[in-house]
Amino acid sequence: MERNKKGSFWSGLKNALVKIFVGILNFLKKLVLDVKNNPAKTATRVVVFTAIIHLILSNIQIKTLTVLENEISGFVMFMFVLVGLACLFNAVRFKDLTIRKIILTIVMLLAVIGIGSYLVYIYVYSIGHQNLLKASEVMPGIILSSVMLALYLFGLIETIIAVVIAAKNGKINEKVE
């Protein structure tokens, strides 16, 4: 009887993981198919996906930060995640295009890319300057930050493409809020 319960737990876990994986694949398929058709929607999806995944996986960066002797690295990592979440909320309201929202979105994405780049710099600098630090201890943080930076950069490019297309079609509101 006990064995049957364990088997059902593992099969349930397997089914849940398969559903999550299929959901992620469907999301990525939608994302790839919408790149040409609707860059604004693609940019929103990429930024939202990146910010949520970054928040979920931030424990990897926290583990990396615990081995660093740099005092500012924790603050920079916190700002990287926080500004990423601000980008998420800003991307969600990217439906009605006004000049103010466009500029704010682009500036926020540039800020998160700048902060993330500085965090990667801190990681690499620490590898070279901390004698007892192994590169393998910092590598997960570097990889995660680099992937997040690439996704935010893709979101920025898609945002700029969406703005250019909207400007061509005359869909940018000139009103001041």
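For the structure itself, look to the data block above.
Residues numbered from 1 in each chain as written. Predicted model: local features only at pLDDT ≥ 70, side-chain atom pairs only at ≥ 80, totals over all residues. Heavy atoms only, no water.

Student: Before we go on, may I ask you to explain the overall build of the protein in this structure?
Tutor: The number of helices and strands found in the protein is six helices and zero strands. In the protein, the succession of α and β elements from N to C terminus is α-α-α-α-α-α. Looking at the protein residue by residue over its 177 residues, the buried ones come to 36%. Contacts spanning at least 24 positions in sequence make up 76% of the contacts within the protein whose residues lie at least 6 apart. (Helix = DSSP H or I, 4+ residues; strand = E, 2+ residues; numbered from the N terminus. Buried < 20%, exposed > 50% of the residue type's maximum accessible area, 1.4 Å probe, protein only. Contact = heavy atoms within 4.5 Å.)

Student: Even after reading the chapter, I still don't get the environment of Ser73, so can you show me in this structure?
Tutor: Summarising the element assignment, Ser73 is placed in helix α4 (residues 73-92). For Ser73, a relative accessible area of 2% gives the class buried.

Student: Whenever I open this one, a nonpolar patch on the surface confuses me. Can you help?
Tutor: Among the surface-exposed residues, Ile72, Phe75, Phe78, Leu82, Tyr118, Tyr121 and Tyr125 lie close enough to one another that they form a single nonpolar patch of about 720 Å² accessible area. Considering the arrangement of structural elements, one finds Tyr125 in helix α5 (residues 99-129). (Patch = residues over 30% accessible without salt bridge, like charges linked within 9 Å, V, L, I, M, F, W, Y side chains within 5 Å. Areas by Shrake-Rupley, 256 points an atom, 1.4 Å probe, with all protein chains shown as cover. Salt bridge = Lys/Arg side-chain N within 4 Å of Asp/Glu carboxyl O.)

Student: What should I look at first to understand helix α3 (residues 58-65) in this one?
Tutor: For an α-helix, 3.6 residues make a turn, and residues three or four places apart therefore share a direction. Within α3, the full set of buried residues consists of Ser58, Gln61, Thr64 and Leu65. Looking down the long axis of α3, one finds its buried residues gathered within 110 degrees of arc, a one-sided arrangement. Looking at the buried residues of α3, the elements they touch are α2 (39-56), α4, α5 and α6 (135-168). (Arc of directions from axis to C-beta.)

Student: Just to check I follow, could you spell out the nonpolar core for this structure?
Tutor: It is characteristic of soluble globular proteins that their nonpolar side chains tend to be buried jointly. Judged by nonpolar contacts, the single largest core of 29 residues is most densely connected at Leu68, Phe80, Leu109, Val112, Leu119, Tyr123 and Tyr152. Looking at this core, the elements with two or more residues in it are α2, α4, α5 and α6. Ranked by size, the runner-up nonpolar core spans five residues in total, among them Leu97, Ile102, Val163 and Ile172. (Core = buried A, V, L, I, M, F, W, Y, C linked by side-chain atoms within 4.5 Å.)

Student: For this particular structure, what's the right way to read the environment of Leu97?
Tutor: Among the structural elements, Leu97 can be located in the loop between α4 and α5. For Leu97, a relative accessible area of 10% corresponds to the buried category. C-alpha of Leu97 to C-alpha of Asn173: the two residues are 76 residues apart in sequence and 5.9 Å apart in space. Leave out the neighbours within four places in its chain, and Leu97 touches Ile102, Ala166, Lys171, Ile172 and Asn173.

Student: So what exactly am I meant to see when it comes to the packing of α2 against α3 here?
Tutor: When two helices pack together, their arrangement is given by the angle between their axes and by how far apart the axes lie. Two elements in contact, α2 and α3, have axes whose closest approach is 4 Å; the angle formed by their N-to-C orientations is 45 degrees. With respect to α3, the axis of α2 lies oblique. Contacts between α2 and α3 involve His54, Leu55 and Ile56 from the former and Ser58, Asn59 and Gln61 from the latter. Of the residues that constitute the contact of α2 with α3, the class distribution is two nonpolar, four polar and no charged. (Axes fitted to C-alpha atoms, helices over the stretch in contact; angles between N-to-C directions. Parallel < 35°, antiparallel > 145°, perpendicular 65-115°, else oblique. Nonpolar A, V, L, I, M, F, W, Y, C, P; charged D, E, K, R; others polar.)

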